[in-house]
Structure formats: structure tokens, C-alpha cells
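Next come the chains, spelled out residue by residue.
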Amino acid sequence: MLTLRKYKEEVIGWTGAVFSLSAFSLNSLNIIGSQSIEYLLMNIVGCSFLIIYAVFKKAHASWVLNSIWLLMTAVALLKAYMNF
């Protein structure tokens, strides 16, 4: 049972990493813009999964960093799409 839990934690971490890296890569290649809904939502999903993973691993610096990144992305999403 411990192995299944560890496997689930790793899937969560890798999923977050793929979303975050994909958003960064697509933006860097000018495929999506930094204020596009796709970019912002990919960052939100990636950060959320990486926060969960970091909490499982007790990696405090990582979850704090990703929490700040998530907050910045949420503010950008609100600003871009709610006219704040």
C-alpha cells in the first residue's frame, strides 16, 4: 500500500512539472502569450500539483515558491480577464 501512495505522489509531482514546463516552453516559443488563458491556466494547474507534491515531501521552500507563483498567476488572470 505504501508503494501505491508513493506512486500517486510521484504522478502528482510529474504532472505539475509537465504543466509548468509546457507553459513556459510554449510561451518561450511564442506559441502562446504570457497573458493568454491557456498559459495562465497551465501555470495554475502546474503550481497546484507541485504544491501538493511539495507538501507530501515536506519540501517547504518548494511549496512556498509555488504558492507565490500561483498567487501571482491568479492575480494576472484576474487582471487580464476581469479588468482589475
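Source: prediction; values computed, not measured. (Residues numbered from 1 in each chain as written. Predicted model: local features only at pLDDT ≥ 70, side-chain atom pairs only at ≥ 80, totals over all residues. Heavy atoms only, no water.)

### Observations concerning the pattern of salt bridges
- Scanning all chains against the criterion turns up two salt bridges.
- Its salt-bridge partner being Glu9, residue Arg5 comes within 3.1 Å of it at the nearest N-O pair. Of the two residues, Arg5 and Glu9 are both situated in helix α1 (residues 2-28); the distance of four residues between them amounts to about one turn of the helix.
- Among the residues examined, Glu9 registers a relative accessible area of 9% and is labelled buried.
- A salt bridge links Glu10 to Lys57; the shortest N-O distance between them is 3.4 Å. Placement of the pair is Glu10 in helix α1 and Lys57 in helix α2 (residues 37-57), with a sequence separation of 47 residues.
- Given a relative accessible area of 23%, Glu10 falls into the partly exposed group. (Salt bridge = Lys/Arg side-chain N within 4 Å of Asp/Glu carboxyl O. Helix = DSSP H or I, 4+ residues; strand = E, 2+ residues; numbered from the N terminus. Buried < 20%, exposed > 50% of the residue type's maximum accessible area, 1.4 Å probe, protein only.)

### Focus: helix α3 (residues 60-82)
- For α3, with 23 residues, the first-to-last C-alpha span of 32 Å sits near the 33 Å given by 1.5 Å per residue.
- Among all positions in α3, only Asn66, Thr73, Ala76 and Leu77 are buried.
- Packing partners of the buried residues in α3 comprise α2. (Expected span 1.5 Å × (residues − 1). Contact = heavy atoms within 4.5 Å.)

What is shown is where atoms sit, not what they do.
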